[in-house]
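# Overview (structure and organization)
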Amino acid sequence: MSRVLIIGAGGVATVAAHKCVQASDVFTDIMIASRTESRCKKLAAALKRPVQTAQVDADNVPQLVELIKSFRPDVVLNLALPYQDLHIMDACLETGVDYVDAANYEPPDVAHFEYSWQWAYRDRFREKGITALLGSGFDPGVSNVYTAWEKQYFDVIDTLDIIDCNAGDNGQAFATNFNPEINIREVTAKGKYYKDGKFIETEPLEFSKMFDFPAGIGPKKIYLLWHEELESLAPYLKPYGLKEARFWMTFSDNYIKHLEVLQDVGMTRIDPVMYEGHEIIPLQFLKALLPDPASLGPLTKGKTCIGCLLQGSKDGKPVKRFVYNVCDHEESFRETGAQAVSYTTGVPAMIGAMMLATGTWKGPGVFNMEEFDPAPFMQKLNEYGLPWEEIVY
Ligand code: NDP
């Protein structure tokens, strides 16, 4: 018997709302609130149970506080954009409500993301007696839970590689699978990985290699990117003797070609530029031109495969294991009206909220996903549409 307030009504929130509706034994009352209430209403109309909707500017803390006080949720599930994280955390602190998100805070004017801003809330959440669960998407999110789960098979973990493959095709010349602004900021930023006790910076997409994916996907080129979960997972695995931790993502040659041109002509810039007497931010203008990721749902075919490859040893013998999920774009769309990239994020977002709402994961404080027992989360992944598999090499 609990109440969840979902903030945001985009691709990820769409899936999370469908999944909260399915979990009727846990979430008895649901509200979807976002900047544009018409999107919340459209989403509500597609759900199998009545839910409430509201308009809210999640950058406006007093407005959020008022909404939280009127709906009285047990947990706030933040599926707006990373820019809103701190405002929503402030509102949760003021009202004493648990908080879950799927991406770490990013200031709008710098393409830079790290946990320090949210970790700075630890004492305040502890003192208030409430819990914040950070990064409950797939990567971050399931990637952290997979890592915590796999630890049982190792005494020593030499390397962790988180590998994210979207082998789907949406038939567009160039489109991103989730919010274009967030996606392009991530991909065009410098890369970074962990090696021998420190983080090493790379040029954007400087390193790539081939990886052979299961489930008939086959070999694909993967590129090294900086991803937020490495910031918490590298210190977490340090007691296991971790030498190297990296994050990889597939991109087609066509995607890279378009991105290079857009970058070369300045369309991915996030600083203001004067245009006909107005300030515009080129990346935000580009976002307005690109297909809305939500519109790609019915067009996308193929699969995603995201997993963690760990290498090390147990009892002196070498161990190499890949734990992963394969998700089908068309099946995701049939079930929720959103493609697999939103699906693989929205399901764990709901499960994270469920872990807190049921008291399965308990605070108080600010936590990354690997800090809790992975077993109940792994079980819910199987129950709610993201079954996992393992390859033991
Ligand atoms: P979308 O752009 O599809 O949706 C974002 C939603 O947030 C929109 O409904 C938007 O409103 C709303 N919003 C934006 N600003 C505000 C505001 N100030 N107040 C209220 N609502 C606001 O994004 P996605 O659904 O693709 O992504 C949601 C989150 O999930 C992002 O933080 C993203 O980074 C994260 N993510 C995490 C992944 C993971 O694996 N961990 C993978 C993919 C995404 P409007 O409709 O008015 O624009």
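This one's a predicted model, so the numbers in the text were calculated from it and none came from an experiment.

## A few points about the overall build of the protein chain
Across its full length, the protein chain holds 14 helices and 18 strands. Radius of gyration (C-alpha) of the protein chain: 20 Å, near the 21 Å computed for a compact globule of 393 residues. Oriented by its inertia axes, the alpha-carbon framework of the protein chain measures out at about 55 × 55 × 40 Å. For the protein chain, with 393 residues in total, the buried portion stands at 48%. A fraction of 71% describes how many contacts in the protein chain between residues 6 or more apart in sequence connect residues 24 or more apart.

## A short note on the domain arrangement of the protein chain
One can read the domain layout of the protein chain as domain 1 (2–137 + 344–381) and domain 2 (142–336). One C-alpha centre belongs to domain 1, the other to domain 2; they are set 23 Å apart. The partner domain 2 presents 26 residues to the 23 residues of domain 1 that form the contact. Looking at the side of domain 1 that touches domain 2, the elements that each hand over two or more residues are helix 1 (11–22), helix 13 (340–357) and helix 14 (374–383).

## A short note on the site of the ligand
Close to the ligand lie 33 residues, the nearest being Gly10, Val12, Ala58, Ala103 and Gly137. Secondary structure elements with two or more residues in the shell around the ligand: helix 1 and helix 13. With 3 residues, the single largest contributor to the shell around the ligand is helix 1. Among the residues making up the shell around the ligand, the classes are represented as 16 nonpolar, 12 polar and 5 charged.

## Digging into the sheet that holds strand 6 (residues 131–134)
Pairing is parallel in the open sheet, where 7 strands are placed in the order 3-2-1-4-5-6-17. The open sheet is flanked by strand 3 (52–55) and strand 17 (365–368), the only strands paired with a single partner. The mean inter-strand angle of the sheet, taken between neighbouring strand axes irrespective of direction, is 20°. The sheet contact formed by strand 1 (residues 2–7) and strand 4 (residues 75–78) spans 4 bridges and is parallel. Bridging from a neighbouring strand, Val4 pairs with Val75 of strand 4. Contacting strand 1, strand 2 (27–34) and strand 4, helix 1 runs over the sheet at an angle of about 165° to strand 2.

## Some details on the pairing of strand 11 (residues 218–225)
Bridge analysis of strand 10 (residues 208–213) against strand 11 gives 6 bridges, and the strand direction is antiparallel. Residue pairing for strand 11: Ser208 is matched across the bridge by Tyr223. Remark: 4 residues form the turn of the hairpin made by strand 10 and strand 11, two consecutive strands paired antiparallel; Ala215 in that turn has positive phi of roughly 60°. Where strand 11 and strand 12 (residues 244–250) come together, 4 bridges link them in antiparallel fashion. Bridge pairing in strand 12 places Tyr223 opposite Met249.

## Structural notes on unusual backbone geometry
Residue Pro140 follows Asp139 across a cis peptide bond; omega there is 10°. Secondary-structure assignment places Pro140 in the loop between strand 6 and helix 7 (142–150). Following Gly363, the chain continues to Pro364 via a peptide bond in cis, the omega torsion being 5°. Its place among the elements puts Pro364 in the loop between helix 13 and strand 17. Even without being glycine, Ala215 reaches a positive phi, approximately 60°. Tracing the backbone through its elements, the reader meets Ala215 in the loop between strand 10 and strand 11.

## Observations regarding the environment of Met378
Considering the arrangement of structural elements, one finds Met378 in helix 14. For Met378, a count of 19 C-beta atoms within 10 Å corresponds to the partly exposed category. For the pair Met378 and Ile351, spaced 27 residues apart in the sequence, the C-alpha separation amounts to 9.7 Å. If we skip the residues at most four places from it in the chain, Met378 touches Val145, Trp149 and Trp388.

## Overview of the packing of helix 1 against helix 13
The interhelical angle for the contact between helix 1 and helix 13, taken along N-to-C directions, is 50°, at an axis separation of 7 Å. One way to sum up the angle between helix 1 and helix 13 is to call them oblique. The chirality of how helix 1 crosses helix 13 is right-handed. Residues Gly11, Val12, Thr14, Val15, Ala16, Lys19 and Cys20 of helix 1 form the contact with helix 13, whose own contacting residues are Ser342, Tyr343, Thr345, Gly346, Val347, Ala349 and Met350. The residue makeup of the contact of helix 1 with helix 13, split by class, is 8 nonpolar, 5 polar and 1 charged.

About the cut-offs
Note that residues are indexed from 1 along each chain, following the sequence as it is written. Under the rules for a predicted model, residues below a pLDDT of 70 receive no local features and side-chain atom pairs below 80 are neither given nor counted, while totals for whole chains, interfaces and linings still include all residues. Helix and strand assignments follow DSSP, with helices taken as H or I runs no shorter than four residues and strands as E runs no shorter than two, numbered in order from the N terminus. Values of the radius of gyration come from C-alpha atoms, whereas the globule rule sets the reference at 2.2 Å times the count of residues to the power 0.38. Exposure classification rests on a simple neighbour count of other C-beta atoms within 10 Å of a residue's own: a residue reaching 20 or more is buried, one at 12 or fewer is exposed, and one in between is partly exposed. C-beta atoms are placed from the backbone. Here, residue contact means that the backbone-derived C-beta atoms of the two residues sit within 7 Å. Domain borders in the structure are assigned automatically or taken from a domain database. Here, nearness means that the C-beta atom of a residue, built from backbone geometry, sits within 6 Å of the molecule or strand in question. Three residue categories are used. Nonpolar comprises Ala, Val, Leu, Ile, Met, Phe, Trp, Tyr, Cys and Pro, charged comprises Asp, Glu, Lys and Arg, and polar comprises the others, including Gly. Two strands form a pair only when DSSP identifies at least two bridges running between them. A fitted line through C-alpha atoms represents every axis, and for helices the fit uses only the stretch in contact; the resulting angles, taken between N-to-C directions, go from 0 to 180 degrees. Each angle is binned into one of four classes, with values under 35 degrees roughly parallel, values over 145 roughly antiparallel, values of 65 to 115 roughly perpendicular, and all other values oblique. It is the rotation of the near helix from the far one that decides the hand of a crossing: anticlockwise by less than a right angle makes it left-handed, clockwise makes it right-handed.

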